[in-house]
Amino acid sequence: MEKTNVMRILDKQKIKYKEHTYTDVISGIDVATTLGQNPECVFKTLVTVGKSGSNYVFAIPVDKELDLKKAAKCVGEKSIAMIKSKELLPLTGYIHGGCSPIGMKKQFKTIFDSSASRQEHIFFSGGKIGFQVEIAVCDLDKAVRFEYGDVIEE
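Residues numbered from 1 in each chain as written. Predicted model: local features only at pLDDT ≥ 70, side-chain atom pairs only at ≥ 80, totals over all residues. Heavy atoms only, no water.

Caption draft 1: Molecular detail of the sheet that holds strand S3 (residues 55-61). Spatially, 5 strands are ordered S4-S2-S3-S5-S8 in an open sheet, and the strand pairing comes out mixed. The sheet is open, and its two borders are formed by strand S4 (80-82) and strand S8 (147-149), each paired with just one other strand. Shown here is a sheet whose adjacent strand axes are inclined to one another by a mean of 35°, direction ignored. Strand direction decides the pairing type here: S3 and strand S5 (residues 109-113), joined by 4 bridges, are parallel. Paired with Tyr56 across the bridge in S5 is Lys109. The strands that helix H3 (residues 68-75) touches are S3, S4, S5 and S8; relative to S4, the one it contacts most, it runs at about 125°. (Pairing = 2+ DSSP bridges. Helix = DSSP H or I, 4+ residues; strand = E, 2+ residues; numbered from the N terminus. Axes fitted to C-alpha atoms, helices over the stretch in contact; angles between N-to-C directions. Contact = heavy atoms within 4.5 Å.)

Caption draft 2: Examining the sheet that holds strand S1 (residues 17-21) more closely. Taken in spatial order, the 3 strands of this open sheet run S1-S7-S6, and their pairing is antiparallel. The sheet is open, and its two edges are formed by S1 and strand S6 (121-125), each paired on a single side. If you compare each strand with its neighbour and ignore which way they point, the axes differ by 25° on average. The sheet contact formed by S1 and strand S7 (residues 131-136) spans 5 bridges and is antiparallel. The partner of Lys18 across the bridge, within S7, is Glu134. Packed onto the sheet, helix H1 (residues 5-12) meets S1, S6 and S7 and runs at close to 25° relative to S7.

Caption draft 3: Broad picture of the pairing of strand S2 (residues 43-50). Of all the 8 residues making up S2, 6 are buried; the element is thus mostly covered by neighbouring parts of the structure. Summarising the sheet, S2 and S3 pair through 7 bridges and their orientation is antiparallel. Along S3, the bridge assignment pairs Val47 with Val57. Between the end of S2 and the start of S3, which pair antiparallel, lie 4 residues, with Gly53 showing a positive phi angle near 100°. Pairing analysis gives 3 bridges linking S2 to S4, with the strands arranged antiparallel. Note on S4: the bridge partner recorded for Thr48 is Met82. (Buried < 20%, exposed > 50% of the residue type's maximum accessible area, 1.4 Å probe, protein only.)

Okay, here's the thing in structure tokens:
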């Protein structure tokens, strides 16, 4: 099986994970369905820019939307916006649909929606379209520096 950069980082840090692959689906909800998982456990990675010019990463369930006001408040910004798709690769090293909170070119402040703390395992991109990794939530802080925040739309 092909190893992505995310998998190599997890291996190096001796963090247990399960790799999952899929084909012919793009939306996060379709990925969750294909993997037979509850969408509440499958997270998408969103990259934003604050009014200050700083970038922030938010990981939220695939069936939810980021609440930009809550997200800005969570990171102490007046406002935040999604970055443009064309900025994603040069900024993070990842492309749209294959963006992972682990292994970005630079470590940005990362917020996982607080719903992640209620899961035993979560899934997120393995850093390449077609690849997901499943990791125990209790191991997440070994893989990436993050905080929990209430950042999804009600």
